[in-house]
Amino acid sequence: MHYISTRNEHNNFTNNFSKIIMEGLASDGGLYIPKTFPKFSTSEIDNMVNMDYTELCTEIISKYCGSCLTKGDIKKIAMDSYKNFGINDVAPMINIGSDINILELFHGPTLAFKDFALQFLSRVFNIFLEREDKKITIIGATSGDTGSAAIEAFKKNSRANLIILHPKGKVSEFQRRQMTTVNADNIFNIAIDGNFDDCQALVKKLLVDKDFNVKHNLASINSINWGRVLAQVVYYFYSSFKLMKNKEVKVVNFSVPTGNFGDAYAGYVAKKMGLPIEKIIIATNSNDILSNFFQNGIYKISKVVPTLSPSMDIQVASNFERLLYEVLDFDSALVRQYMNELNNVGSFKVSKEKLKTLNKTFLGLCVNDQLTLDRIKTTYNYTNLVIDPHTAVGLEAAYSQKKNLTGPCIVLSTAHPIKFSDAVSRAINTVSELPVKYKSILTLKEKYDSMPNNLNILKKFIASKSNV
Ligand SMILES: *Cc1c(COP(=O)(O)O)cnc(C)c1O
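Bear in mind that the values here come from a model prediction, so they are computed numbers and not experimental data.

Thresholds, definitions, all that
Residues numbered from 1 in each chain as written. Predicted model: local features only at pLDDT ≥ 70, side-chain atom pairs only at ≥ 80, totals over all residues. Heavy atoms only, no water. Buried < 20%, exposed > 50% of the residue type's maximum accessible area, 1.4 Å probe, protein only. Helix = DSSP H or I, 4+ residues; strand = E, 2+ residues; numbered from the N terminus. Pairing = 2+ DSSP bridges. Right-handed = clockwise from strand over helix to strand, strands pointing away. Contact = heavy atoms within 4.5 Å. Near = heavy atom within 4 Å. Polar contact = N/O pair within 3.5 Å; in protein donor to acceptor, adjacent residues only side chain to side chain. Areas by Shrake-Rupley, 256 points an atom, 1.4 Å probe, with all protein chains shown as cover. 1 Å grid on protein atoms, 1.4 Å probe; cavity = no way out; pocket = protein on both sides within 12 Å on 5 of 7 lines; lining within 4 Å. Sits in = over half its atoms within 2 Å of the grid points. Nonpolar A, V, L, I, M, F, W, Y, C, P; charged D, E, K, R; others polar. Points joined across faces, edges and corners; volume = space filled by probe spheres on them. Axes fitted to C-alpha atoms, helices over the stretch in contact; angles between N-to-C directions. Parallel < 35°, antiparallel > 145°, perpendicular 65-115°, else oblique. Left-handed = near helix turned anticlockwise from the far one by under 90°. Phe/Tyr/Trp six-rings, centres within 6.5 Å; stacked < 30°, edge-to-face > 60°. Lys NZ or Arg CZ within 6 Å of the ring centre and 35° of its normal.

Draft legend 1. A look at the pairing of strand 10 (residues 277-284). Among the 8 residues that make up strand 10, 8 are buried, leaving the element largely enclosed by the rest of the structure. In this sheet, strand 10 lies alongside strand 9 (residues 252-257) in parallel orientation, the contact comprising 5 bridges. Considered in strand 10, the bridge of V256 is made with I282. In terms of handedness, the path from strand 9 via helix 11 (residues 262-272) over to strand 10 forms a crossover that is right-handed. In this structure, strand 10 lies alongside strand 13 (residues 362-366), joined through 5 bridges in parallel fashion. Residue pairing in the sheet places I280 in a bridge with F362 of strand 13.

Draft legend 2. Region of interest: helix 12 (residues 289-296). What helix 12 keeps buried is the set I289, L290, S291, F293 and F294. Buried positions along helix 12 lie against strand 10, strand 11 (298-300), helix 13 (320-327), helix 15 (352-359) and strand 13. Phi turns positive, to about 80°, at G297, one or two residues after helix 12.

Draft legend 3. Fine view of the site of the ligand. Near the ligand there are 15 residues, and of these K114, D145, G259, N260 and T414 occur at the shortest range. Taking G259, its main chain carries an N or O atom lying 2.8 Å from an oxygen atom of the ligand. Here an oxygen atom of the ligand and a backbone polar atom of G262 are 3.2 Å apart. Here the ligand has 380 Å² of accessible area as a free molecule, and 98% of this is covered by the chains. Counting atoms within 2 Å of the grid points, the majority share of the ligand lands in the largest cavity. Looking at the shell around the ligand, its residues break down into 5 nonpolar, 7 polar and 3 charged.

Draft legend 4. Up close: empty space enclosed by the protein. On inspection of all chains with the given rule, the structure shows 2 cavities of 30 Å³ or more. One number sums up the size of the largest cavity: a volume of about 280 Å³. Around the largest cavity, the lining is made up of 26 residues, and of these F113, K114, G259, N260 and S311 lie nearest the centre. Here the lining of the largest cavity gets 3 residues from one element, more than from any other, and that element is helix 11. Its residues assigned to classes, the lining of the largest cavity shows 10 nonpolar, 12 polar and 4 charged. If you add up the space inside the second largest cavity, you get close to 30 Å³. Taken together, T258, G259, T284, N287, I289, L290, M312 and I314 make up the lining of the second largest cavity. For the lining of the second largest cavity, the residue count by class is 4 nonpolar, 4 polar and no charged.

Draft legend 5. Region of interest: the packing of helix 11 against helix 13. Put simply, helix 11 and helix 13 touch, their axes get as near as 9 Å, and they point 40° apart. Of the possible angle classes, the one that applies to helix 11 and helix 13 is oblique. In the crossing of helix 11 with helix 13, the sense of the turn from one axis to the other is left-handed. Of helix 13, the residues touching helix 11 (which contributes Y265, Y268 and K272) are R322, L323 and E326. Grouping the constituent residues of the contact of helix 11 with helix 13 by class yields 3 nonpolar, no polar and 3 charged.

Draft legend 6. Structural view of the packing of aromatic side chains. Counted according to the given criterion, the structure contains 34 aromatic pairs. A ring pair is formed by Y53 and F116, whose centres lie 5.8 Å apart and whose planes are at 55°; its orientation type is tilted. Taken together, the positions of Y53 in helix 3 (residues 53-61) and F116 in helix 5 (residues 114-132) put the pair 63 residues apart, joining distant regions of the chain. Residue Y53 shares its accessibility class with F116, and that shared class is buried. Aromatic side chains Y325 and F330 sit 5.4 Å apart centroid to centroid with 90° between the ring planes, which places their arrangement in the edge-to-face category. Residue Y325 is classed as buried on the basis of its relative accessible area, which comes to 1%. Owing to a relative accessible area of 42%, F330 belongs among the partly exposed residues under this scheme. The aromatic ring of F37 is capped on one face by K272, whose charged end is 4.7 Å from the ring centroid.

Here it is, written out as structure tokens:
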């Protein structure tokens, strides 16, 4: 399997799986994608329907690893990664009537779906680091959940220092405490004066700074890293198969609460691999750059507004570049041009025909805070289920688009409601019970640094902590 950058498809480097995982972002600033996408035949798909989670994981991920990981390696990593997810099922699914199903992806250690990718990725990193006897500095930006999932996955790892940037005052208290109360020498939390986009821009600047990158052996765990997307492809198959075991179900739909477009893009990858997905609903909160794009073909950055679903308070959706590259017929010069336009004038536009092609798969919908609260309330009243605000965005979008779908719809439930109890308690009078592990989180001592949005200050900090 060979990988190319969205900004330079003609390069002649050997970009194998281990290289692109360790690098994260390509040195030209582009994102890595496979040169060709593997596809399962219908009979292969039929044979996969009854596999358990780790078997599926092995089957799917091995297609992307070349000789870097064997099926045996992948199976071991998967078993180890997901052994403590949930009680009986890694990803339980609940039908709430009218062909709508809620896929609970929050039974991992930090109570958000990001554990699926980060538990997996940290183990892959470790194998590659041990093989090469190397140490790394991992830098990550978080809108709230990536940070804790990464910290949980990498804490006490003697080969990695982890530096996590979060937007100061813009993550929930529970989310912040999940990051800042972990006591491990290799973890550094930094609150940046700015929003998530500022944090992500700092990470990208560090990664393309060649000298600094080489000196500290930088790596990225944001969903710009292909490994993140790849691990998430698995639950699209797993959940679809739960429905397709009923032979009458021929196609499935997904509604995905979206910020950085990583999770939704993973769904698209599953479709490219042969999973019969009809539509992927791109559900955003009022930060609606993506839902607007899928409605009118214009990708236009506006100011980030804080919402009740803070993990999606994002404007520059990094992974969108992977889809754009395909939309622009794999012309990386054009991708560079569009990205420059975005930087210079704040927007670009695709043709009506291209939008029409995209709409065969993607529907965009924006769900504001009021509709989010209403959906949490109605869901609780009718089903007794407490859902978090991100899930509510996805669920509301699913109901409003139902008329455009023929098959059943799976809504990705991306976080445990306890992570956003302030928002949930504004909608209903019930708060979920704190999981045992987190009983003392509100009183534990926090440790983090604060910093202005300034690259040089950040570089000095990282250099002073480096163990490479
Ligand atoms: C990160 C996150 C999302 C958005 O996922 P993307 O891959 O960035 O689109 C949605 N919900 C929750 C709870 C998240 O943590």
